[in-house]
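A look at the structure
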Amino acid sequence: MLCRVNESIDRVQEADIQIDPLLAKDYFPECGGLAFFIGTVRNLQEGKSVKSLTYTAYKPVAEKMIRCIEQEIESQYNVPYVRVVHRIGSLAIGETAICVVARAVHRREAFEACEEAVERVKHEVPVWKEEFYWDGSSVFVEGCCIRRDRPAKLCGHSHHHEPREQIT
Amino acid sequence: MSSTVRFEFYGKLRRIAGMDYFSLPIKLPTTIGAAISELVEILPELSQSLESCACAVGDEIVLRNYILDDESSENLSVALLPPVAGG
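We now turn to the structure provided with this report. What you see is a predicted model; the values in this text were computed from it and never measured.

For chain B, the helix and strand inventory stands at 3 helices and 7 strands. Walking chain B from its N terminus toward its C terminus, one meets helices and strands in the order β-α-β-β-α-α-β-β-β-β. A compact globule built from 87 residues should have a C-alpha radius of gyration of about 12 Å, and chain B, at 12 Å, falls within 12% of that. Expressed as lengths along the three principal axes of its C-alpha atoms, the size of chain B is roughly 40 × 25 × 20 Å. Both charge centroids of chain B, one from 6 positive and one from 12 negative side chains, sit 10 Å from each other.

Right, here's the structure in full:
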């Protein structure tokens, strides 16, 4: 059954993420576990001083995909509520980029569902991160290829810590 | 039939191409893969990056063999999605 709590919240938004309503603390009296993750902008990346980040997204797919991921994880871990909201636009150091919440009867499923949601959104949803440094340079963080019919020669999976293409 | 396919660039593609989108004159029907091949002839600087790009039409990710035709205007806009790095 589709969870209707906070169903109408935009999953990809330019506005600051309102975390408290996303926790849905007034709902799910059967749940003893609430796990949440907040990803914030940090000031250092591979030794370079970060000034700000800019997130962009292809919203038609990103919105739909995040909702699908939430429902799949709710089903996979048998939990009643998983919600993910990702911020786009220019973010300063310390600002919240992503918030993930999971409610479950017990803490184990809450932790696991929350972590799974973070990982899947980071690796599957069409969102891109451009880092701006104090030295004036910027890079697009090279991420995970989501092309489903990619040639066999391409690596199947890449992570953010792999070498990136720098544009100055 | 002659028409135009609008390729929308995302992530690093915008920086490489120097634009947010490109309208490609093309004969329909055709596949996205064939249209991308024509796009690369005009914008060869995108060639390497496009290898790892997914394609989307509307709210669906589609394969390179997706048919572009004149039956729906939505078919004529394709988003090119480089490797993702959210969170």
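Our focus in this paragraph is the sheet that holds strand β1 (residues 12-13) of chain A. Remark on secondary structure: sheet strands pair via backbone hydrogen bonds, oriented parallel or antiparallel. With mixed pairing, the 4 strands of this open sheet are ordered in space as β1-β5-β7-β2 (chain A). Each edge of the open sheet carries a strand with a single partner, namely β1 and β2 (33-40) of chain A.

Our focus in this paragraph is the nonpolar core. Membership of the largest hydrophobic core comes to 45 residues, with the highest contact counts inside it found for A:Tyr58, A:Val125 and B:Leu81. Of all the elements in the fold, those that place two or more residues in this core are β4 (48-57), α2 (59-77), β5 (81-87), β7 (96-104), α3 (107-124) and β8 (127-133) of chain A together with β4 (54-57) and β7 (77-81) of chain B. In terms of residue count, α2(A) provides more of this core than any other element does, 7 residues in total. Discounting residues that sit within four places of it in the chain, A:Val125 has contacts with A:Ala62, A:Met65, A:Ile66, A:Ile69, A:Arg120 and B:Val84. Formed by 24 residues, the second largest nonpolar core is a distinct cluster that contains B:Ala17, B:Val62, B:Leu76 and B:Val78.

On to the pattern of salt bridges, then. All names here are of chain A. Throughout the structure, instances matching the rule amount to 21 salt bridges over all chains. Its salt-bridge partner being Asp20, residue Lys25 comes within 3.4 Å of it at the nearest N-O pair. Several salt bridges share partner residues, and in doing so they unite Glu7, Arg11, Glu63, Arg67, Glu70, Glu74 and Arg83 into one network.

Residue and element names in this part refer to chain A. Within the secondary structure layout, Gln13 lies in strand β1. For Gln13, a relative accessible area of 16% translates into the label buried. A distance of 3.2 Å separates the side chain of Gln13 from the backbone oxygen of Ala15, its partner in a polar contact. Discounting chain neighbours no more than four positions away, the residues touching Gln13 are Val85, His86, Arg87 and Ile88.

Let's shift gears to unusual backbone geometry. A cis amide bond links B:Leu28 with the next residue in sequence, B:Pro29, at an omega value of -5 degrees. The topology assignment puts B:Pro29 in the loop between β2 (21-27) and β3 (30-31). Even without glycine at this site, A:Glu46 takes up a positive phi of about 50 degrees. The residue A:Glu46 is located in the loop between β3 (44-45) and β4 in this model. A relative accessible area of 53% means that A:Glu46 is categorised as exposed.

Another aspect to go through is the interface of chain B and chain A. Contacts between the two partners involve 27 residues from chain B, matched on the other side by 34 residues from chain A. For the pair chain B and chain A, the two sides together bury roughly 2700 Å², of which 58% comes from carbon and sulfur. When the area that chain B buries against chain A is broken down by residue, the three leading residues are B:Arg15, B:Val84 and B:Gly87, summing to 25%. Across the pair B:Lys12 and A:Glu142 runs a salt bridge whose closest N-O atoms are separated by 3.1 Å.

Below, the discussion takes up the packing of α2(A) against α3(A). Residues and elements named next belong to chain A. Where α2 meets α3, the closest approach of the two axes is 10 Å, and the angle between their N-to-C directions is 150 degrees. Compared by their axis directions, α2 and α3 come out roughly antiparallel. Taken as a pair, α2 and α3 cross one another with a handedness that is right-handed. Residues Met65, Ile66, Ile69, Glu72, Ile73, Gln76 and Tyr77 of α2 form the contact with α3, whose own contacting residues are Glu109, Glu112, Ala113, Glu116, Ala117, Arg120, Val121 and Glu124.

Turning our eyes to something else, we now look at the sheet that holds β7(B). Residues and elements named next belong to chain B. On the basis of which strands lie adjacent, the open sheet formed by 5 strands has the order β2-β1-β7-β4-β5 and mixed pairing. In this open sheet, the two strands that pair with only one neighbour each are β2 and β5 (60-62). With direction set aside, neighbouring strand axes in the sheet form an average angle of 35 degrees. Bridging between β4 and β5 involves 3 bridges; their strand directions are antiparallel. Looking at the pairing, Ala56 lines up with Ile61 of β5. The sheet contacts of helix α2 (residues 32-42) involve β1 (2-9), β2, β4, β5 and β7, and relative to β2 the element is tilted by about 115 degrees.

The next point concerns the pairing of β5(A). Residue and element names in this part refer to chain A. By the criterion of burial, β5 is predominantly enclosed, with 7 of the 7 residues buried. Burial along β5 is two-sided: the residues Tyr81, Arg83, Val85 and Arg87 and Val82, Val84 and His86 are all buried. As paired strands, β1 and β5 are joined by 2 bridges and run parallel to one another. Bridging from a neighbouring strand, Gln13 pairs with Arg87 of β5.

Definitions and limits used
- Residues numbered from 1 in each chain as written.
- Chains lettered and ligands numbered in written order.
- Predicted model: local features only at pLDDT ≥ 70, side-chain atom pairs only at ≥ 80, totals over all residues.
- Heavy atoms only, no water.
- Helix = DSSP H or I, 4+ residues; strand = E, 2+ residues; numbered from the N terminus.
- Rg over C-alpha atoms; globule rule 2.2 N^0.38 Å.
- Lys, Arg positive; Asp, Glu negative; His and termini not counted.
- Charge placed at Lys NZ, Arg CZ, Asp CG, Glu CD.
- Pairing = 2+ DSSP bridges.
- Core = buried A, V, L, I, M, F, W, Y, C linked by side-chain atoms within 4.5 Å.
- Buried < 20%, exposed > 50% of the residue type's maximum accessible area, 1.4 Å probe, protein only.
- Contact = heavy atoms within 4.5 Å.
- Salt bridge = Lys/Arg side-chain N within 4 Å of Asp/Glu carboxyl O.
- Polar contact = N/O pair within 3.5 Å; in protein donor to acceptor, adjacent residues only side chain to side chain.
- Buried area = accessible area lost by both parts, 1.4 Å probe.
- Axes fitted to C-alpha atoms, helices over the stretch in contact; angles between N-to-C directions.
- Parallel < 35°, antiparallel > 145°, perpendicular 65-115°, else oblique.
- Left-handed = near helix turned anticlockwise from the far one by under 90°.

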